[in-house]
Amino acid sequence: MKYDRVFNFSAGPSMMPLEVLEQAQKELLNYHGTGESVMEMSHRSAEFKEIIEQAEKDLRDLLNIPENYKVLFLQGGGTLQFSMIPINLLFNSKKADYILTGNWAKKAYQEACKFGDIRVAASSEESNYTYIPETSRSDFRSDADYVYVCYNNTIYGSHFNEIPDVGDLTLVADMSSCLLSEEIDVSRFGLIYAGAQKNIAPAGLTIVIVREDLIGHAPKDTPVYLDYETHAKKDSMYNTPPCFNIYMAGLVFRHLKKMGGISAMHAKNVAQAEKLYGALDALDFYNKPVRKKDRSLMNVVFTTPSKELDAKFVQEAKEHGMINVKGHRSVGGIRTSIFNAMPDEGVDTLVEFIRKFAEENA
Ligand SMILES: *Cc1c(COP(=O)(O)O)cnc(C)c1O
């Protein structure tokens, strides 16, 4: 069968693996002989129980999640975690230190300020977030309840290539745009979360991986949905979970396992990013704002010599079957997101276009 599919370089919702979409299509009307779609299925049914349990197991296998961590399947996007994290984790000093490396970290910081004594420990805002600031233990308050980072900065195209040393403080990471793209040592973090729509599944699912000792300390008046304990106690089934999204995430996890797991996916991501950055670095025509060692493997950000050419680039890319290459509205320029599901042909087509565009417009 021939598909008329574009290469979607969106930062999210973004491409899903074709094999996964095909499988979902095959099972859409009649899931495993049940005579119903997963969309229609009771979340209390034996079939759905198997779907959610298998999804969790596969995610645990992929990321080597230690047993003393809970995996929660929630709703509310990355944004709700900006609130749930301070509500649940500010349970001793009510102090937390944030590293500001972009808009998402800043939004998380601003939200947290409603709940406690929140401090900016380091920031690259003065350079419009073109690098990841270096930190050491002494940059963080020794009694902070947690230190917060946004591990991959989707808008600016930067990434923590080393886990910040926070000593024995609890490290919290927003991995919305990099979870499953690289191997990570979960035990170095107290909590990791990701909105699914960047690198995992359709929008509407948020995955939270949280160490058990951090659960159960929310204030008494916390709305029930916002308390991690609510979900942890009921295995993400306190209320109706986003069933279809969990099913889709499960298919992606299984697909990843089949592809060789996270290390194989990371190797593919590195190869694609090297190809793309290599093409950009070879051409003075393009400006690459992010410090080299902090570059993201997932979101490749650059500009042409003018706003007019940026717009032309976006338009012509679209005509060549490459959509959503426009930079985030807050920074402009070009952003090409190459998440796990981006095929090699997508990157090859883009690289060829990048060269041709520079030649024609220099
Ligand atoms: C997209 C994104 C968010 C916001 O996610 P929503 O699901 O839209 O709330 C937060 N953090 C990062 C790093 C993101 O890329």
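Residues numbered from 1 in each chain as written. Predicted model: local features only at pLDDT ≥ 70, side-chain atom pairs only at ≥ 80, totals over all residues. Heavy atoms only, no water.

Following the criterion strictly, the structure yields 1 cavity of 30 Å³ or more and no others. In this structure, the largest cavity encloses a volume near 30 Å³. What lines the largest cavity is Asn8, Ser14, Met15, Ser337, Phe339, Ala341 and Met342. For the lining of the largest cavity, a count of residues per class yields 4 nonpolar, 3 polar and no charged. (1 Å grid on protein atoms, 1.4 Å probe; cavity = no way out; pocket = protein on both sides within 12 Å on 5 of 7 lines; lining within 4 Å. Points joined across faces, edges and corners; volume = space filled by probe spheres on them. Nonpolar A, V, L, I, M, F, W, Y, C, P; charged D, E, K, R; others polar.)

Near the ligand, the surroundings consist of Gly77, Gly78, Thr79, Phe82, Trp104, Cys150, Asn152, Thr154, Asp174, Ser176, Gln197 and Lys198. With respect to the ligand, the backbone of Gly78 contributes an N or O atom lying 2.9 Å from an oxygen atom. Lys198 places a side-chain nitrogen or oxygen 2.5 Å from an oxygen atom of the ligand. Look at the ligand: alone it shows 390 Å² of surface, and the protein chains cover 87% of it. At a threshold of 2 Å from the grid points, most atoms of the ligand map onto the second largest pocket. At 4 residues, helix α3 (residues 77-89) tops the list of elements feeding residues into the shell around the ligand. A breakdown of the residues in the shell around the ligand according to their chemical character gives 3 nonpolar, 7 polar and 2 charged. (Near = heavy atom within 4 Å. Polar contact = N/O pair within 3.5 Å; in protein donor to acceptor, adjacent residues only side chain to side chain. Areas by Shrake-Rupley, 256 points an atom, 1.4 Å probe, with all protein chains shown as cover. Sits in = over half its atoms within 2 Å of the grid points. Helix = DSSP H or I, 4+ residues; strand = E, 2+ residues; numbered from the N terminus.)

Direction vectors running N to C along helix α2 (residues 46-63) and helix α6 (residues 243-258) enclose 40°, while the axes themselves pass 9 Å from each other. Comparing the axis directions of α2 and α6 gives the class oblique. The way α2 lies across α6 gives a crossing that is left-handed. Taking contact as the criterion, the partners of Phe48, Ile51, Ile52, Ala55, Lys57, Asp58, Leu59, Asp61 and Leu62 in α2 are, on α6, Cys243, Ile246, Tyr247, Gly250, Phe253, Arg254, Leu256 and Lys257. Class assignment of the residues belonging to the contact of α2 with α6 gives a composition of 11 nonpolar, 1 polar and 5 charged. (Axes fitted to C-alpha atoms, helices over the stretch in contact; angles between N-to-C directions. Parallel < 35°, antiparallel > 145°, perpendicular 65-115°, else oblique. Left-handed = near helix turned anticlockwise from the far one by under 90°. Contact = heavy atoms within 4.5 Å.)

The subject of this paragraph is the layout of surface pockets. Computed from the structure, the largest pocket encloses a volume of approximately 570 Å³. Lining of the largest pocket is provided by 31 residues; of these, Pro17, Leu18, Ala341, Met342 and Pro343 occupy positions nearest its centre. Taken together, the elements giving at least two residues each to the lining of the largest pocket come down to α1 (18-27), α6, α7 (261-281) and α9 (344-361). Here the element with the most residues in the lining of the largest pocket is α7; it accounts for 4 residues. Within the lining of the largest pocket, the residues separate by chemical class into 19 nonpolar, 6 polar and 6 charged. One number sums up the size of the second largest pocket: a volume of about 390 Å³.

Note on aromatic pairs: each is described by the distance of the centres and the angle between the planes. Applying the stated criterion across every chain yields a total of 17 aromatic pairs. The interplanar angle of 85° and the centroid separation of 4.8 Å between the aromatic rings of Phe285 and Tyr286 together place this pair among those described as edge-to-face. Summarising the aromatic geometry, the rings of Phe353 and Phe357 are spaced 5.8 Å apart at their centres and angled 40° between planes, so their arrangement reads as tilted. Of the two residues, Phe353 and Phe357 both sit in helix α9, 4 residues apart, roughly one turn of that helix. (Phe/Tyr/Trp six-rings, centres within 6.5 Å; stacked < 30°, edge-to-face > 60°.)

For the rest of this paragraph, the subject is the environment of Ala249. Relative to the helices and strands, Ala249 is located in helix α6. Among all residues touching Ala249, those that are not within four sequence positions of it are Ile200, Ala201 and Leu205.

Don't take any of this as a statement about function, it's just geometry.
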